[in-house]
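Observations on chain architecture
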Amino acid sequence: MQIYRTENYEAMSEKVAALIAAQIIARPDCVLGLATGSTPIGAYARLVEWHREGGLSFAGVRTVNLDEYRGLTPNHDQSYRYFMQTNLFDHVDVDRANTNVPDGLAADPAAECARYDRVLRDLGYADLQLLGLGHNGHIGFNEPGPAFVLPTHMVDLTESTINANARLFSSRDEVPRQALTMGIGGIMRAKRVVVAVSGADKAEAVARAFAGPVTPEVPASVLQLHPDVVLVADAAALSKLN
Ligand code: GLP
């Protein structure tokens, strides 16, 4: 595993964006695995800037997002489709037809999960998968549990995740209780995984994920088994990692 330690959130965002830009330059038709949450917003803003000012082109890029809330329409301002459109896709030259986010409105979630796994397989999985990290060690919406769940699946969100994400909704009651998420199998099949983390409140999760035992109770700990993981984190997030 490689670790980039940055001073702060801005520098972390710049480094994450640079890794993604390098991937696009190396393979203009690459498959990017993308993440939501507040952590990658700065990196997406840099990529938009480099697209506008530096000519970085997403024209051939294919994307697969990690997850989507169950029950939110694509234009709900907290849906992950909406997040991707407003933070990245609407501002670069990616072809919307080449962007994939699980359908949170699918009448048959199991069929939607199976469809998403076919999309992943047909794309050959991500060349670079970007991940944030939940306070309880979740990646995508793979929550702590008794076993790693490999395929795309529907999850019941934990209280910790509902509480953490409540800040983005007008009330806690509005946070969806379920989500569709790429499984650990889809994430681990990515050729390279870039984990972005910022802030002292994530320090414990970073230490448990990267210096503790590999256990499904800390889903991110499975990344210790991946051959090409890059952790990009600010000093505060790394403060409990020896
Ligand atoms: C959310 C997302 C994850 C994200 C994580 C951390 O619930 N499903 O993909 O990485 O929680 O979010 P944040 O970056 O806002 O701390």
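Shown above is the structure to which this text applies.
Summary of the structure given here.

Rules of the game
- Residues numbered from 1 in each chain as written.
- Predicted model: local features only at pLDDT ≥ 70, side-chain atom pairs only at ≥ 80, totals over all residues.
- Heavy atoms only, no water.
- Near = heavy atom within 4 Å.
- Polar contact = N/O pair within 3.5 Å; in protein donor to acceptor, adjacent residues only side chain to side chain.
- Areas by Shrake-Rupley, 256 points an atom, 1.4 Å probe, with all protein chains shown as cover.
- 1 Å grid on protein atoms, 1.4 Å probe; cavity = no way out; pocket = protein on both sides within 12 Å on 5 of 7 lines; lining within 4 Å.
- Sits in = over half its atoms within 2 Å of the grid points.
- Salt bridge = Lys/Arg side-chain N within 4 Å of Asp/Glu carboxyl O.
- Helix = DSSP H or I, 4+ residues; strand = E, 2+ residues; numbered from the N terminus.
- Buried < 20%, exposed > 50% of the residue type's maximum accessible area, 1.4 Å probe, protein only.
- Pairing = 2+ DSSP bridges.
- Axes fitted to C-alpha atoms, helices over the stretch in contact; angles between N-to-C directions.
- Core = buried A, V, L, I, M, F, W, Y, C linked by side-chain atoms within 4.5 Å.
- Contact = heavy atoms within 4.5 Å.
- Parallel < 35°, antiparallel > 145°, perpendicular 65-115°, else oblique.
- Nonpolar A, V, L, I, M, F, W, Y, C, P; charged D, E, K, R; others polar.

In this section: the site of the ligand. Close to the ligand lie 14 residues; S38, T39, D67, F141 and K202 are nearest. Between the ligand and the protein, one listed contact pairs an oxygen atom with a side-chain N or O atom of S38 at 2.7 Å. A distance of 2.5 Å is found between an oxygen atom of the ligand and a side-chain nitrogen or oxygen belonging to T39. Within the complex, 94% of the 390 Å² of free accessible area of the ligand lies under protein. When each cavity is represented as a set of grid points, the ligand is found to reside in the largest pocket.

This model, assessed by the stated rule, comprises eleven salt bridges. The closest approach of N and O atoms between D127 and K191, which form a salt bridge, is 3.5 Å. Of this pair, D127 sits in the loop between α4 (109-123) and β6 (128-131) while K191 sits in the loop between α6 (184-188) and β9 (192-197), placing them 64 residues apart in sequence. For K191, a relative accessible area of 48% gives the class partly exposed. R192 is the salt-bridge partner of D228, the closest N and O atoms lying 3.2 Å from each other. A residue pair is termed long-range when its members are at least 10 positions apart, and D228 in the loop between α7 (203-211) and β10 (229-234) and R192 in strand β9 qualify at 36 residues. Because the salt bridges share partners, they merge into one network encompassing E10, E14, R46 and E49.

Right, let's talk about the sheet that holds strand β8 (residues 178-181) for a bit. In any sheet, the strands associate via hydrogen bonds between backbone groups, in a parallel or an antiparallel arrangement. Judged by pairing direction, the sheet is antiparallel, and its three strands sit side by side in the order β4-β8-β7 without closing on themselves. In this open sheet, the two strands that pair with only one neighbour each are β4 (67-69) and β7 (153-156). Within this sheet the neighbouring strands show an average axis-to-axis angle of 25°, counted without direction. Bridge count between β7 and β8: four bridges; the pairing is antiparallel. Paired with M154 across the bridge in β8 is L180.

Now for the nonpolar core. The biggest cluster of nonpolar side chains holds 63 residues, and the ones touching the most others in it are F58, L88 and L223. It is helix α1 (residues 9-26) that provides the largest number of residues to this core, a total of seven residues. Filtering out sequence-adjacent residues up to four positions away, L88 remains in contact with L34, Y44, L47, V48, F58 and F83. Listed in part, the eleven residues of the second largest apolar core include L72, V155, I162 and A179.

Taken together, seven strands build an open sheet; the order of strands is β1-β10-β9-β6-β2-β3-β5 and the sheet is parallel. The two strands at the open ends of the sheet, each matched to only one other strand, are β1 (2-6) and β5 (99-100). Pairing geometry for β6 and β9, over four bridges, is parallel. Paired with L130 across the strands is V194, a residue of β9.

Angle between the axes and distance between the axes: these two values describe a pair of packed helices. Contact geometry for helix α2 (residues 41-54) and helix α3 (residues 80-87): axes closest at 10 Å, N-to-C directions at 40°. As far as their axial angle goes, α3 and α2 are oblique. The residues of α3 that touch α2, namely those facing I41, Y44 and V48, are F83, M84 and N87. Of the residues that constitute the contact of α2 with α3, the class distribution is five nonpolar, one polar and no charged.

Moving on, we come to the side chain of N100. If you trace the backbone, N100 turns up in strand β5. The contacts of N100, once residues within four sequence positions are left out, are T63, V64, N65, R81, Y116, V119 and L123.

Our focus in this paragraph is α3. Y80, R81, F83, M84 and Q85 are the residues of α3 that are buried. Where the residues of α3 are buried, they touch β2 (31-34), α2, β3 (62-65), β4, β5 and α5 (159-165).

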